[in-house]
Structures are given as structure tokens and as C-alpha cells.
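So the chains spell out like this:
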Amino acid sequence: MVGTAGGGAEEAVRRWVEAGGGRLVLDGGLATELEANGADLNDPLWSAKCLLASPHLIRKVHMDYLEAGANIIITASYQATIQGFESKGFSKEQSENLLTKSVEIAREAREMFLKEHLDQSIPAQKPILVAASIGSYGAYLADGSEYSGDYGEAGTKEFLKDFHRRRLQVLAEAGPDLIAFETIPNKLEAQAYVELLEECNIHIPAWFSFNSKDGVNIVSGDSLIECATIADKCTKVGAVGINCTPPRFIHGLILSIRKVTDKPILIYPNSGERYDGEKKEWVESTGVSDGDFVSYVNEWCKDGAALIGGCCRTTPNTIKAIHRTLNQGSNAQKLPVA
């Protein structure tokens, strides 16, 4: 684990990017692959349900993404919250242990992957990092509000800080390399995260990743530029970017982020499908193929993206294609050093 005590979060991320040859590959959709391996995720806990029922499947999916060339695997804690586990009858201690378990499973997968490659004398990609996922309050609600940012009366900064505080502390104490604040749907939650990072004295590099449905603003209608500025001003945030957003919007969103920050930019779009919050399903007709998805990668690299992967409905095949594209040599520009 690389903390920020000896340097800022941005510097830590830049060192990892340099170690990866100028780009890092993130993993892809977790829930998609868990379901493909037989998991039933019809539950408010979503992929976090597997922390209870089938942790071996989570480990397998992490391994699949590492085999596909991912440098960063993201834990199964996106929809895992103390409040959510307690609603299922678990004690606070048990709930915290499940959060810790999400990081432990990812770290075990990394160790297994490295051991297998060492035993077979096959070089493995470097570095390999574990990012602890923190989904928004809307993800906990499981009502689609992570795609609208509308939390109603619960939408106060202090409420959101109280909701996330202990979860952040437990995940940080579990020893990930990064904290991934994902699918941030509104400016208020970004502000809450910044204050929590300071108040909880977190020394692990974080990234902030927002989502957009119009290619201009984030899903709440808040300005992406204002949200990216919030992340830029926080020394504990090492990278800023976009996830769970159609690939066709990414080019413009990267350019908007670049206007207000020199921090490394990460992007991991969904397949282009649209999530129907009422039906709680993805509308497949709006998606793109792996080939179409990967065709954007060269453009994203030229725009300045340093960490690239996939989100919902992307698979190890998607990540394998991204890894192959980034290693062809034509995109080997180095990330500028601040």
C-alpha cells in the first residue's frame, strides 16, 4: 500500500502511471461478470450480496480481469454499506467485517495471480493495485437515484458525511492502495467526500469519478467543471474522472475536466446502455460492442486519459482489448509530470 504521508495523492498516482508505462488499465463491470458466473444479484445489496453468499465468485472475477491485463481491480463494496448490511440483520461489527472482506478478497486475488505467474515464469503487468469502491448514497438506496443525484430531504452535506464516515474508515483500514469514490451524482456528495477525507485523516490516495447522461454536466445537472474543481483542490484526491457514462460522451467530458485540473484523468465508461431506474435493468438496445467501445481508446489517450477501463456491462474481453490497444506502442505518450 502506498500512502500519501511522504507525498501527495497526485504524486502517488503519477508514480503508478509511470510504472505502468504511461497508462494504467482498470477492470470492467463486476456485477455483469458475477451474474455470468451464476450469481443472483436481485437484491438491494447488488454485487455486495456475493460477499455473503459467494465470495469465491468475486475472487474469480477479480482474477479474470487481472488475466485480461487490468492494473487496477475494484472491490465489491460499491453497494456495500454498514446501513445496508444492518437492514439484513447483521450487527455493526459483522457489517464492518464484510466491508473489510471486500478488500481482503481483492488482495487475495492479486496474490494468487502474481504467484501463478511467478510459478509459470510468465511476466505480469505492473503495477497491480486494489481500489476500495465507495458508491454514492444513491447506490445504497438502490432506487436509481445514483443516476439522478436527487436525494430529496436526505440531501444535506452533514447527512451524507454521517452516512459515509465509518464505511470510509473501515475500507481505508483494510489496506487498499486506493479509495475509489465512484459514480458521484452531485456536487454536494463530492463536497462531503472531501471533508471526510480531511476529517478522517485518510492517507490513501483517492479518486473521484462522476457520471453524466448528457455529456456536459453530471447527472444531477450540476456543472462537471465545478465538481472537478472540488476534486482538484483536495490534496487527498490523486485522479479525477468519469465512469458509468456512454462512451460517446467521454471525449468532451475529458476536455472539460482538463480545463480545471492537471491531475491524472481516469475514465471507465459503461457499454453505452441506459439504466432504467424504475425497472432496475439496463436497456440493451442502446449499447455498443466491445470493438466499438475500444475504438474510442486512442482518442481518449490523445485527450489525456491516463487510467482507462470499463464500468457496467463491460467484460474481461473489453479490458483485454483495451490492454492490447494500449500496448501496441502507438499510445505510449508519457503522462506529463507536474
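What you are looking at is a predicted structure, and each value in this text was computed from that prediction instead of being measured.

**What about the pattern of salt bridges?**
Logical step 1: Counted by the stated rule, this structure contains 14 salt bridges.
Logical step 2: The salt bridge partner of Glu158 is Lys161, with a shortest N-O separation of 3.4 Å. Within this pair, Glu158 and its partner Lys161 are both found in helix α8 (residues 157-173), separated by 3 residues, close to a single helical turn.
Logical step 3: A salt bridge links Asp162 to Arg165; its shortest N-O distance comes to 3.0 Å.

**Examining the nonpolar core**
Logical step 1: Core analysis: the biggest nonpolar cluster contains 81 residues, and Phe181, Phe208 and Phe210 have the highest contact counts within it.
Logical step 2: Here the element with the most residues in this core is helix α6 (residues 92-119); it accounts for 7 residues.
Logical step 3: Beyond its immediate chain neighbours, meaning those up to four positions away, Phe181 contacts Ile134, Leu168, Tyr193, Leu197, Ala206, Trp207, Phe208 and Ser209.
Logical step 4: The next biggest cluster of nonpolar side chains, apart from the first, holds 22 residues, and it includes Ala12, Ile72, Trp207 and Ala239.

**What to know about the pairing of strand β10 (residues 305-308)**
Logical step 1: Of the pairings in the sheet, the one linking strand β1 (residues 24-25) to β10 comprises 2 bridges and is parallel in character. If you follow Leu24 over to β10, its bridge partner there is Leu307.
Logical step 2: As judged from the 3 bridges shared by strand β7 (residues 265-268) and β10, these two strands associate in the parallel manner. Residue Ile267 lies in a different strand from β10, and its bridge partner there is Ile308.

Definitions and cut-offs
- Residues numbered from 1 in each chain as written.
- Predicted model: local features only at pLDDT ≥ 70, side-chain atom pairs only at ≥ 80, totals over all residues.
- Heavy atoms only, no water.
- Salt bridge = Lys/Arg side-chain N within 4 Å of Asp/Glu carboxyl O.
- Helix = DSSP H or I, 4+ residues; strand = E, 2+ residues; numbered from the N terminus.
- Core = buried A, V, L, I, M, F, W, Y, C linked by side-chain atoms within 4.5 Å.
- Buried < 20%, exposed > 50% of the residue type's maximum accessible area, 1.4 Å probe, protein only.
- Contact = heavy atoms within 4.5 Å.
- Pairing = 2+ DSSP bridges.

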